[in-house]
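So the chains spell out like this:
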Amino acid sequence: MLKNIIKQVWNQRRMNGWILLELIIAGFFLWTVIDPVYILMVNRFTPAGYEEEGRFVLSMGAYGNNHAKRDTTVTSEQEKEAFLHALRQLRNCPEVESVSMASNSSFPNGGSWSGTQFFPDTARIKEKDNFVHAQIYEYVSLEGGNIFQTYGMKDALTGGDIVVPEDAGVRNLYFVSESFAKNAFGTIDVVGKKIYTYKKKAYEIAGVFKDYKHREYQPPYPLIVRIDNDLQTGVYMHYRYMIAFKLKEGVDSEAFIKRFETEVAPHLTMNNYYYKSIQTFKEQRIRYAEAGGIYNVIRLKLALASFTLLCIFLGTVGTFWVRCNSRRQEMGLMQSFGATRKSIIGRFFMEAALLVSSAFIVSLIILFHYAIMEENMAPIEAAGYSKFATINWFLEKTPHFVMVSLITYLALLLIALVGTLIPVRRAVKVLPADALRDE
């Protein structure tokens, strides 16, 4: 049967040639609009490395120098006490499981980003490109804070909780992510090893945690968690620090926030500082995405992909519709010789699949040159130096190209089959005598 179908397609090569050309062009343009959407979706569904549910960020506000309520006699130590008082009040809430004081760039989708270069040994400091660029999270160990517990970050070696030595802040111990360890040493078994800054200052690695995604639509980036044993005081403390906390399992978060703002928040006003807001990790993620225009970019790319898909759908369906309608007499003749409706539909399906496959092979050759040889694949969104990010396997060059090509091929095939099915089903319902009337 396949041999007869190939022969039939060849015999109608003049008409099918235009269809092939249309499918080649459609395949190329459809690939280019699916590619950036594919990048966004893979990044979005890459594991975050932390748990979002039941986690919050508490922000403090401060009375400015010209505010009537500002007390100019308050010392920096008293201002520090205001933050510690807020942390204790949170910890004393029966619904709260874990609390940590962190810098304002040290939680997922925070409003800022902090990072620098590190070297695996001092010999490489003078060599170009022999560093690992890493993002830095910092939290304060006062009052028993533990950012790993609060965020739900897990040990990369054991999969369990991360143990933080009591003197970690004093000893300047660093905890690093999987991607940092692999970029710097080629392995995640790096506990006890040292990393160095450009000024040759050494820091010992005390643990390795699973990769952690700072931005929703970016891959996990090398991350270092640094522990401070005290707060840095000053007039900008409310900009520098935020309090992250986690509720116990099963606690109603809306009920807790309502109770907190009614019963606890009024008591946080102290030494020129006051309660400002509580946001969930989810709200923080959405707020960052909206402020950074990420959702607008996504909407634009999805709209472009949808519009292109619609145009290709209408054009391709129309082409196959006309092709099938022009062969109504042929279908009638096949029925008069005993062919079933199912076999006729199957035959035309195979013809459509053959045309799409042939055209897409040509498109694939063009796309390989365009995407791989000329490196025109959509860029992988990543903060800082993207070459250090942990790229999802689906975004590596070869799997990336193969997956986008497969999606494009399946989309084209589906469109061609829809364009074939509707007119063929209508045609085979007509009696053979009626179909052959114009013969």
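What you see is a predicted model, and the numbers here were worked out from it, not measured in a lab.

Engineer: I'd like a rundown of helix α9 (residues 294-325), residues and numbers included.
Structural biologist: In an α-helix, one full turn covers 3.6 residues, which means residues spaced three or four apart are oriented alike. Here α9 spans 46 Å end to end across 32 residues, near enough to the 46 Å set by a 1.5 Å rise per residue. Of the residues making up α9, those classed as buried are Y295, I298, A305, T308, I312, T316, V317, T319, F320, R323 and C324.

Engineer: Before we move on, could you go through helix α11 (residues 341-373) and cite the residues and values that matter?
Structural biologist: Over its 33 residues, α11 runs 46 Å from end to end, which matches the ideal 48 Å to within 8%, given 1.5 Å per residue. The sharpest bend along α11 comes to roughly 30°, located at L367. E375 lies just past α11 and shows a positive phi near 55°.

Engineer: An account of the nonpolar core is requested, with residue identities and associated values reported.
Structural biologist: Counting residues in hydrophobic clusters, the biggest one holds 35 residues, and the most contacted among them are L23, L30, W31, F320, F401 and L412. At the level of elements, α2 (13-45), α9, α11 and α12 (397-428) are the ones that each hand at least two residues to this core. In terms of residues, this core owes the most to one element, α2, which gives 13 residues. With residues up to four places along the chain from it excluded, the contact list for W31 reads L367, A371, M377, F401, V404, S405 and T408. Among the nonpolar cores identified, the runner-up in size contains 29 residues, and L87, F260, Y273 and Y275 belong to it.

Engineer: Requested: an account of the environment of G160, with residues and values cited.
Structural biologist: Along the chain, G160 turns up in the loop between α4 (147-151) and β5 (174-177). Judged by its relative accessible area of 24%, G160 falls in the partly exposed class. Counting along the chain gives 49 residues from G160 to F209, while the straight-line C-alpha distance between them is 9.6 Å. Those residues in contact with G160, other than ones at most four positions away along the chain, are K154 and D155.

Engineer: So, unusual backbone geometry: which residues are in play, and what are the values?
Structural biologist: Phi is positive for N172, close to 55°, though the residue is something other than glycine. Considering the arrangement of structural elements, one finds N172 in the loop between α4 and β5. One non-glycine residue, N271, lies in the positive phi region at around 50°. Within the secondary structure, N271 sits in the loop between α7 (253-264) and β10 (273-280).

Engineer: With reference to specific residues and values, describe the packing of α9 against α11.
Structural biologist: Put simply, α9 and α11 touch, their axes get as near as 12 Å, and they point 135° apart. Relative to α11, the element α9 is oriented oblique. You can see that α9 and α11 cross each other, and the crossing is right-handed. Counted together, F320, R323 and C324 of α9 and F348, E351, A352 and L355 of α11 form the full contact between these two elements. Residue composition of the contact of α9 with α11, by class: 5 nonpolar, no polar and 2 charged.

Engineer: I'd like to hear about the pattern of salt bridges, residue by residue, with values.
Structural biologist: For the coordinates displayed, the defined rule picks out 16 salt bridges. A single network of salt bridges, built from pairs that share partners, joins R44, E52, E216 and R285.

Engineer: Please set out the pairing of strand β9 (residues 241-247) residue by residue, giving values where relevant.
Structural biologist: The element β9 is largely enclosed, with a buried count of 7 among its 7 residues. The side-chain alternation of β9 yields two buried faces, one formed by Y241, I243, F245 and L247 and the other by M242, A244 and K246. Two elements, strand β1 (residues 55-62) and β9, share 4 bridges in a ladder whose sense is antiparallel. Paired with L58 across the strands is I243, a residue of β9. Bridging between strand β2 (residues 96-103) and β9 involves 7 bridges; their strand directions are antiparallel. Within β9, the residue paired with S98 across the bridge is K246.

Engineer: Give me the lowdown on the side chain of K246, citing residues and values where you can.
Structural biologist: For K246, the location among the structural elements is in strand β9. Residue K246 is classed as buried on the basis of its relative accessible area, which comes to 12%. A polar contact is formed between the side chain of K246 and the side chain of E97, at a distance of 2.8 Å. If we ignore the near neighbours within four places in the chain, the residues touching K246 are G54, R55, V96, E97, S98, Q149 and T150.

Engineer: Please set out a nonpolar patch on the surface residue by residue, giving values where relevant.
Structural biologist: A surface patch of nonpolar side chains, about 460 Å² in accessible area, is lined by W18, L21, I25 and F29. With respect to the helices, strands and loops of the structure, W18 is situated in helix α2. Here W18 falls in the exposed class, since its relative accessible area comes to 63%.

Engineer: So, the packing of aromatic side chains: which residues are in play, and what are the values?
Structural biologist: Going through the model one piece at a time under the given rule, you end up with 26 aromatic pairs. Centroid distance F131 to F388: 5.7 Å. Interplanar angle 50°. Geometry classified as tilted. Placement of F131 in the loop between β3 (115-118) and β4 (132-140) and of F388 in the loop between α11 and α12 is noted, with a sequence separation of 257 residues between them. Here the aromatic rings of F148 and F209 are separated by 5.9 Å at their centres, their planes lie at 50°, and the arrangement is tilted. Taken as a pair, F148 in helix α4 and F209 in strand β7 (residues 202-209) lie far apart in primary sequence, 61 residues in all. Three or more aromatic residues joined by ring pairs form one cluster here, namely Y50, Y137, Y151, Y212 and F281. Over the ring of F45 we find R44, and its NZ or CZ is 5.5 Å from the ring centre. Geometry around Y288 places R215 over its ring, the cationic atom sitting 3.7 Å from the centre.

Procedures and definitions
Residues numbered from 1 in each chain as written. Predicted model: local features only at pLDDT ≥ 70, side-chain atom pairs only at ≥ 80, totals over all residues. Heavy atoms only, no water. Helix = DSSP H or I, 4+ residues; strand = E, 2+ residues; numbered from the N terminus. Expected span 1.5 Å × (residues − 1). Buried < 20%, exposed > 50% of the residue type's maximum accessible area, 1.4 Å probe, protein only. Bend = angle between axes of the 7 residues up to and from the residue. Core = buried A, V, L, I, M, F, W, Y, C linked by side-chain atoms within 4.5 Å. Contact = heavy atoms within 4.5 Å. Axes fitted to C-alpha atoms, helices over the stretch in contact; angles between N-to-C directions. Parallel < 35°, antiparallel > 145°, perpendicular 65-115°, else oblique. Left-handed = near helix turned anticlockwise from the far one by under 90°. Nonpolar A, V, L, I, M, F, W, Y, C, P; charged D, E, K, R; others polar. Salt bridge = Lys/Arg side-chain N within 4 Å of Asp/Glu carboxyl O. Pairing = 2+ DSSP bridges. Polar contact = N/O pair within 3.5 Å; in protein donor to acceptor, adjacent residues only side chain to side chain. Patch = residues over 30% accessible without salt bridge, like charges linked within 9 Å, V, L, I, M, F, W, Y side chains within 5 Å. Areas by Shrake-Rupley, 256 points an atom, 1.4 Å probe, with all protein chains shown as cover. Phe/Tyr/Trp six-rings, centres within 6.5 Å; stacked < 30°, edge-to-face > 60°. Lys NZ or Arg CZ within 6 Å of the ring centre and 35° of its normal.

The quantities given are spatial measurements derived from coordinates; they are silent on function.
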